[in-house]
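Residue strings, one per chain:
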2 protein chains.
Amino acid sequence: MKKLFVAGIGPGAPEYMTFSCREAIEASDVIVGYSKYVELVKPLFSEKEFFDTPMMREVERCREALRLADSGKTVAMVCSGDAGVYGMSGLILELSEEYPEVDIEVVPGVTAALSGGAILGAPLTHDFAVISLSDLLTPIELIEKRLECAAMGDFCIALYNPSSKKRADYLKNACDILLKYKSPDTMCGTVRNIGREGEEKEIMTLAELREAKVDMFTTVFIGNEKTKRVGDRLVTPRGYYLG
Amino acid sequence: MKKLFVAGIGPGAPEYMTFSCREAIEASDVIVGYSKYVELVKPLFSEKEFFDTPMMREVERCREALRLADSGKTVAMVCSGDAGVYGMSGLILELSEEYPEVDIEVVPGVTAALSGGAILGAPLTHDFAVISLSDLLTPIELIEKRLECAAMGDFCIALYNPSSKKRADYLKNACDILLKYKSPDTMCGTVRNIGREGEEKEIMTLAELREAKVDMFTTVFIGNEKTKRVGDRLVTPRGYYLG
């Protein structure tokens, strides 16, 4: 059977990978992915064939993965975090109708909301929303509407892609929208380089987050009205009676 | 050092576990958790000491885990899915101030939104919200408000705890709220017994979901306005140009 895995490798460090992800890569002849993620797995699987493409070449990369699988090679398309959450599984499945003989298996992984959340403590123990601030593929009006709706519902929020060179003020704008419904004292946190060298975290208020400088390797967490600091951790209580 | 891991084991099958979760359990003397989850890991770590409690005894279970760790045993508190998402990491951290010598490490895991999403295809490749329909710890008015806000923002939605004996009509009520903003043709899916015996999935419209019978072992997925069926998968496109 012609086989293509779309596998989420987690945040980077090999120990965050699931056993099924590792097995999928081990069973593959070729590993395909965005250069940065392929670099993360290369040391673990040095005997494999690799095909990496720069960022922004997602359609090309997915077509190549499908072509390679259709030619008879077992292929693993690796994604950082989860295979689905802003990952390649959707695009692969959309394109897969052109390659009906290729069997596609999606292998989930630990997305940054979970791995970053664990580093901060427990910010997402209650209902939460995940929103990307990147407007490369999404109209900014829709992103802003979602920020507004998530704030209105007092969701905990994980923000992906909070910044880039072209979008330096996006986080500040996002905070301004959230501040329409959330208190400036709402507890927030940032985690940078999750599971990689130079990992760092910070806990702050929403008012402070508005002024924070973050980069594209940062995931941002915004609490709900009950989120609090416990020691050096960020914790959203679920509502248990502790008396 | 006195050590307590709060570890997400994923949906159940051992291959969905991360390497760091397995290492945390291996490094522990005692494994603590809700009986059902402890049963899932017992066969893998038969030589360990186990402490399990029935559902609804979360505070007692967490205090016992902290007490055991404080007495010098290395403890792993296991949670299904992720340690944070409706898991025990928040409660453990809240209670941890009474046990200042215990070092707590949160180990993330693959939550049902990701593992169930992978089984369905790629329903959560765009902004999404995770909402629990259980009103044991959350006022039903807040749950309803969050459903409304998530629908208003055209989020993809993963619903946890969609049903129980006492809450047989909750999913129908939730669908009625979503239908105020989402089309009855919105593509949805359900996954039951993720990563366990008897795993099954179904794809349907939101109108059909309203009539569906689901149980407490089911995770429900509701698409955004672009979510579609591709073969037997549920796919939310991210917006790439495929021409």
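In what follows, the accompanying structure is described. Predicted model only: the values in this text are computed from it and were never measured.

Moving on: the overall build of chain A. Each helix and strand in chain A was counted, giving 8 helices and 13 strands. Here the C-alpha atoms of chain A give a radius of gyration of 19 Å, agreeing with the 18 Å that 2.2 N^0.38 yields for 243 residues. Counting only C-alpha atoms and orienting by the principal axes, one finds that chain A spans roughly 55 × 40 × 30 Å. Of all 243 residues assigned to chain A, the portion counted as buried reaches 61%. Restricting the contact set of chain A to residue pairs at least 6 apart, pairs at least 24 apart contribute 70%. Carbon together with sulfur atoms contributes 49% to the accessible area of chain A, which is approximately 9,500 Å² in total. Within chain A, the 37 negative side-chain charges are centred at a point lying 3 Å from the centre of the 29 positive side-chain charges.

The next thing to look at is the state of the cysteines. In the structure shown here, the tally under the stated rule is 0 disulfides over all chains. Its sulfur unpaired, cysteine 188 of chain B is 6.8 Å from the next cysteine sulfur, which belongs to cysteine 175 of chain B.

The next thing to look at is the relation of the copies chain A and chain B. Of the transformation superimposing chain A on chain B, the axial component is 0.0 Å and the angular component is 180 degrees, with the fit at an RMSD of 0.0 Å. Each copy turns onto its partner about a two-fold axis. The residues that chain A uses at the interface reappear at the interface of chain B in 100% of cases, marking a shared surface.

Turning to the pairing of strand β4 (residues 75-79) of chain A, a few remarks are in order. Two faces belong to every sheet, and in a regular strand the side chains alternate between them. All names here are of chain A. Within β4, 5 of the 5 residues are buried, which leaves it mostly tucked inside the rest of the structure. Of the two faces of β4, the one lined by Val75, Met77 and Cys79 and the one lined by Ala76 and Val78 are each fully buried. Across 5 bridges, strand β1 (residues 2-8) lies against β4 in parallel orientation. Within β4, the position partnered with valine 6 by the bridge is methionine 77. As defined by bridge partners, strand β2 (residues 30-34) adjoins β4 across 3 bridges and the pair is classed as parallel. Across the sheet, isoleucine 31 pairs through a bridge with alanine 76, a residue of β4.

Let us look at helix α7 (residues 170-178) of chain A. Inspection of α7 of chain A places Tyr170, Leu171, Ala174, Cys175, Ile177 and Leu178 of chain A among the buried residues, and these make up the whole buried set. Viewed end-on, α7 of chain A has its buried residues packed into an arc of 160 degrees, placing them on one side of the element.

With that settled, the discussion passes to the pattern of salt bridges. Residues and elements named next belong to chain B. Tallied over the entire structure, the rule returns 44 salt bridges over all chains. Here glutamate 211 and lysine 172 are joined by a salt bridge, their closest N and O atoms 3.7 Å apart. Of this pair, glutamate 211 sits in helix α8 (residues 206-211) while lysine 172 sits in helix α7 (residues 170-178); the two residues are 39 residues apart in sequence, bridging distant segments of the chain. For lysine 172, a relative accessible area of 34% translates into the label partly exposed. For aspartate 232, the salt bridge goes to lysine 201, with nearest N and O atoms at 3.9 Å. Here the residue aspartate 232 occupies a position in the loop between β12 (228-230) and β13 (233-235), and lysine 201 occupies one in strand β10 (residues 200-205), the gap between them amounting to 31 residues.

On to the interface of chain A and chain B, then. Listed as interface residues are 69 residues of chain A and, on the opposing side, 69 residues of chain B. Summing both sides of the interface, chain A and chain B together bury roughly 6,100 Å²; the carbon and sulfur share of this comes to 64%. Considering only the surface of chain A that becomes buried against chain B, Phe19, Arg146 and Tyr240 of chain A emerge as the three largest contributors, covering 13% of it. Connecting chain A to chain B are 6 salt bridges. Of the charged contacts, one joins aspartate 154 of chain A and arginine 146 of chain B as a salt bridge, the two residues approaching to 3.9 Å between their closest N and O atoms. On inspection of chain A and its partner chain B, the count reaches 32 residue pairs in polar contact (both at pLDDT 80 or more). Split into classes, the residues belonging to the side of chain A that touches chain B amount to 35 nonpolar, 20 polar and 14 charged.

What follows deals with the side chain of serine 134 of chain B. Residues and elements named next belong to chain B. Relative to the elements of secondary structure, serine 134 occurs in the loop between β7 (128-132) and α6 (140-152). Polar side-chain contacts of serine 134 include one of 3.3 Å to the backbone nitrogen of leucine 136. Look past the residues within four positions of serine 134 in its chain and what remains in contact with it is Ile143, Asn161 and Arg167.

Rules and cut-offs
Residues numbered from 1 in each chain as written. Chains lettered and ligands numbered in written order. Predicted model: local features only at pLDDT ≥ 70, side-chain atom pairs only at ≥ 80, totals over all residues. Heavy atoms only, no water. Helix = DSSP H or I, 4+ residues; strand = E, 2+ residues; numbered from the N terminus. Rg over C-alpha atoms; globule rule 2.2 N^0.38 Å. Buried < 20%, exposed > 50% of the residue type's maximum accessible area, 1.4 Å probe, protein only. Contact = heavy atoms within 4.5 Å. Areas by Shrake-Rupley, 256 points an atom, 1.4 Å probe, with all protein chains shown as cover. Lys, Arg positive; Asp, Glu negative; His and termini not counted. Charge placed at Lys NZ, Arg CZ, Asp CG, Glu CD. Disulfide = S-S within 2.5 Å. Least-squares fit on C-alpha atoms with pLDDT ≥ 70 in both. Pairing = 2+ DSSP bridges. Arc of directions from axis to C-beta. Salt bridge = Lys/Arg side-chain N within 4 Å of Asp/Glu carboxyl O. Buried area = accessible area lost by both parts, 1.4 Å probe. Polar contact = N/O pair within 3.5 Å; in protein donor to acceptor, adjacent residues only side chain to side chain. Nonpolar A, V, L, I, M, F, W, Y, C, P; charged D, E, K, R; others polar.

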